[in-house]
Structures are given as structure tokens and as C-alpha cells.
Amino acid sequence: MTPNPLTGLSRLCIHTITTKPWSIEEAMDKYAQIGVGGITVWRQWLDGHNISIVGDQIRERNLEIVSLCRGGFFPAPSPAERKTAIEDNRLAIHEAAQLGAPTIVLVCGAVPGQPLEESRKQIADGIEAVLPLAEEHDIQLAIEPLHPMYADDRSAINSMASANAVCDHIDHPLVGIAADVYHIWWDPDLEAQITEAGEKDRLFAFHICDWMTPTTDLLNDRGLMGEGCIDIPGIRAMVEAAGFDGYNEVEIFSDRWWKSDPDEFLLAIREAYLTHS
Ligand code: ZN
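Residues numbered from 1 in each chain as written. Predicted model: local features only at pLDDT ≥ 70, side-chain atom pairs only at ≥ 80, totals over all residues. Heavy atoms only, no water.

The helix and strand tally for the chain stands at 10 helices and 10 strands. Here the C-alpha radius of gyration of the chain, 18 Å, is about what a compact globule of 277 residues would show, namely 19 Å. Each of the 277 residues in the chain was classed as buried or not, and the buried ones make up 55%. Summarising the internal contacts of the chain: among those between residues at least 6 apart in sequence, 79% fall at separations of at least 24. In the structure as shown, the chain presents an accessible area of about 11,400 Å², 52% of it carried by carbon and sulfur atoms. (Helix = DSSP H or I, 4+ residues; strand = E, 2+ residues; numbered from the N terminus. Rg over C-alpha atoms; globule rule 2.2 N^0.38 Å. Buried < 20%, exposed > 50% of the residue type's maximum accessible area, 1.4 Å probe, protein only. Contact = heavy atoms within 4.5 Å. Areas by Shrake-Rupley, 256 points an atom, 1.4 Å probe, with all protein chains shown as cover.)

According to the stated counting rule, one finds one cavity of 30 Å³ or more in the structure shown. In terms of lining residues, the largest cavity is bounded by 13 residues, among which Val 107, Leu 146, His 183, Arg 222 and Phe 253 are the most central. Broken down by class, the residue content of the lining of the largest cavity amounts to seven nonpolar, one polar and five charged. (1 Å grid on protein atoms, 1.4 Å probe; cavity = no way out; pocket = protein on both sides within 12 Å on 5 of 7 lines; lining within 4 Å. Points joined across faces, edges and corners; volume = space filled by probe spheres on them. Nonpolar A, V, L, I, M, F, W, Y, C, P; charged D, E, K, R; others polar.)

Once that is clear, we can look at the sheet that holds strand 3 (residues 64–72). Read around the barrel, eight strands follow the order 1-2-3-4-5-6-7-10 and close on themselves; strand pairing throughout is parallel. Recorded for the sheet is a direction-independent mean angle of 30° between the axes of neighbouring strands. Across three bridges, strand 1 (residues 12–15) lies against strand 10 (residues 248–250) in parallel orientation. By the bridge assignment for strand 10, Ile 14 is matched with Val 250. Those strands touched by helix 1 (residues 24–33) are strand 1 and strand 2 (38–42), and its axis lies near 165° from that of strand 2. (Pairing = 2+ DSSP bridges. Axes fitted to C-alpha atoms, helices over the stretch in contact; angles between N-to-C directions.)

Within the protein, the atoms that donate to the zinc ion are Glu 144 (OE), Asp 180 (OD), His 207 (ND1) and Glu 251 (OE), at distances of 1.9 to 2.2 Å. Bound by four donor atoms, the zinc ion shows angles of 85 to 161° at the metal and therefore irregular coordination geometry. Donor residues for the zinc ion, ordered by position in the chain, follow E-x35-D-x26-H-x43-E. Placement of the pair is Asp 180 in strand 6 (residues 175–180) and His 207 in strand 7 (residues 203–208), with a sequence separation of 27 residues. Judged by relative accessible area, which is 0%, Asp 180 ranks as buried. (Donors = N, O, S within 2.8 Å, 3.2 Å for Na, K, Ca; no water. Tetrahedral: all angles 85-135°; square planar, octahedral: opposite > 155°, others 65-115°.)

With that out of the way, let us pick up unusual backbone geometry. Backbone torsion omega between Cys 69 and Arg 70 reads 0°, so that peptide bond is classified as cis. Tracing the chain through its elements places Arg 70 in strand 3. In the segment running from Thr 213 into Pro 214, the intervening peptide bond is cis, with an omega of -5°. With respect to the element layout, Pro 214 can be found in the loop between strand 8 (210–211) and strand 9 (222–223). Of note, Asp 171 is a non-glycine position whose phi angle comes to about 50°, a positive value. Counting through the fold element by element, Asp 171 comes out in the loop between helix 5 (160–170) and strand 6.

A few words on the packing of helix 2 (residues 51–60) against helix 3 (residues 79–99). Where helix 2 contacts helix 3, the two axes come as close as 7 Å, and the packing angle between them is 45°. Accordingly, the angle class assigned to the pair helix 2 and helix 3 is oblique. Considering the relative orientation of helix 2 and helix 3, their crossing is right-handed. In this structure, helix 2 uses Ile 51, Ser 52, Val 54, Gly 55, Ile 58 and Arg 59 to contact helix 3, whose residues at the interface are Glu 95, Gln 98 and Leu 99. Broken down by class, the residue content of the contact of helix 2 with helix 3 amounts to four nonpolar, three polar and two charged. (Parallel < 35°, antiparallel > 145°, perpendicular 65-115°, else oblique. Left-handed = near helix turned anticlockwise from the far one by under 90°.)

The next subject is the packing of aromatic side chains. By the definition in use, this model includes five aromatic pairs. Three or more aromatic residues joined by ring pairs make a cluster, and in this case those are Tyr 182, Trp 185 and Trp 211. Against the face of Trp 258 rests Lys 20, its NZ or CZ located 4.1 Å from the ring centre. A cation sits over an aromatic face here: Arg 222 above Tyr 182, 4.4 Å from the ring centre. (Phe/Tyr/Trp six-rings, centres within 6.5 Å; stacked < 30°, edge-to-face > 60°. Lys NZ or Arg CZ within 6 Å of the ring centre and 35° of its normal.)

With 93 residues, the main nonpolar core has Ile 58, Leu 99 and Ile 143 as its most contacted residues. It is helix 4 (residues 116–137) that provides the largest number of residues to this core, a total of seven residues. Residue contacts for Leu 99: discarding those within four places in its chain leaves Val 41, Leu 46, Ile 51, Val 54, Gly 55, Ile 58, Arg 59, Ile 65 and Leu 68. (Core = buried A, V, L, I, M, F, W, Y, C linked by side-chain atoms within 4.5 Å.)

Estimates place the volume of the largest pocket at around 280 Å³. As for the largest pocket, its lining consists of 19 residues, and the residues nearest its centre are Leu 203, Phe 204, Phe 244, Asp 245 and Gly 246. The set of elements that each furnish at least two residues to the lining of the largest pocket consists of strand 3 and strand 7. Tallying contributions element by element places strand 7 first for the lining of the largest pocket, with four residues. The class makeup of the residues in the lining of the largest pocket is nine nonpolar, five polar and five charged.

Right, dumping it as C-alpha cells:
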């Protein structure tokens, strides 16, 4: 791949959900036009598309495909539902292979009322069930620890330590971690856990955004870098010190920003990336 000429942006990646109003075609065109280096594609953006053609179109624009978002949601009350979840993750692996994405981000899941320990067991079982297919296509599976406020229904893996523990249990080079500042910034053990993940070659992805005060919506009120209280350069320094040299992926779910002009938002992302990341 030809290095991006705009050097300051060569490690900037944007998630398609960040610019939610845009189709995959608009997103790839607009990102490439301003010199963004990478794109992480959310699966909904591929609906109705020939996935391998989309992959070619992205690469033709000199954008690197960083990840496919997302798999996971393994825990469920019944074996039949857990089997359905595993099938969906197998489908995601096929999609990643068609797209040419090296990594799938896993939002691992949880069931309200089910003990978190049981959910973590079901998550490990689910990942192990799809690993042979991931091996066949050489796709990395990146467990994304989620902030504890999502422990009821989105993920039973709520810290870097918990993600490291699942990775230790599975112990496979294709199973690692997507570290997202939004979910892990509060953790007093953060640096040690990032260092451990780096030593074990399992830091697969790094997501950035900011934490708004007050946060008005648990899901869709993320801030642009610099708008909130997360020490993004500090956490970025930790992952880089741990050996991570991949993309800084801007992943912002924000009703406020989604209502704005997406072209202006994209320029604001570029500016915030250069000054607050
Ligand atoms: Zn993330």
C-alpha cells in the first residue's frame, strides 16, 4: 500500500458509524478526499452490497481496511440462541474475509440477570467455537472491553483485566483486545493491563473518542476528542509504549454530531485528531 502523503493523518482511521448519515460509498470517498488513512466498516454498511467489490473500492481509494464491526453477543439463556449467535459470528468472519478486513471487533454480550461469570464462560465458549473458521481465513478476533455501565446487556467483559483473562484462557494468537478509551479511561490498573496486553501481542485495535460531562445518553453521547475528560494522548502513549503501532480509530456515537453537517464533522474530526489525540 502506498503511504498516505498527509503524514499526520496516516494512522487516522474512522468508523463508518461515526459518520452515520453517509453510505459506505460516501464515507470511503470523503475519508479519502481529506487524507484519512484507514476505515473500519460496520456490518450494516454492507447490507445489500457485494462485499468483495466494496473491499476493492476501498483499497482503490488508498484506504486501509482496519476492522469489521462487529461480532460478539455470545451469551444467551438457551443453547439454541447461543448457537444462533455463533452462526452470526461465523457469518461475520466470512464477511471480513470477503471485505479484506484483518480483524473483527467483538462486543461480547451479556444477559440481564444471568451471572456475569456465566456470561464470560459463554463468551469464551463462543469465541472458541468460531476460532477454527477464523484460523481458516486468518481473521483476528478483538475482544472490546466495555465500560461497566454496559455490564447488564452489552458485555460481561468490562475492563482490560477481564479481557486479558479471557485471552489468557483461550490462549490463541488470533484472539486479542480492542482497547477503546471510552470504556477503559477510568481504570486505575489501566497502564499495567495495557502493558500486559502488549507483552502478549494481543493489542489488536485502539479506538478513540471522548467522555462528555454530563453524559446525557449512555450510548449515543460520545464526544469528539478534546470535548471531554479523557486523557487520550496519555492512553495513546501507553498503548504505543506497549508496542501498538496500528491505527487510531475514531468511533463516535453521538446524536448531537449525527445531526450536524457530516462534511463539517469530518473536518472537525481531522482537526481534533491532530490537536487532541
Ligand atoms: Zn470501540
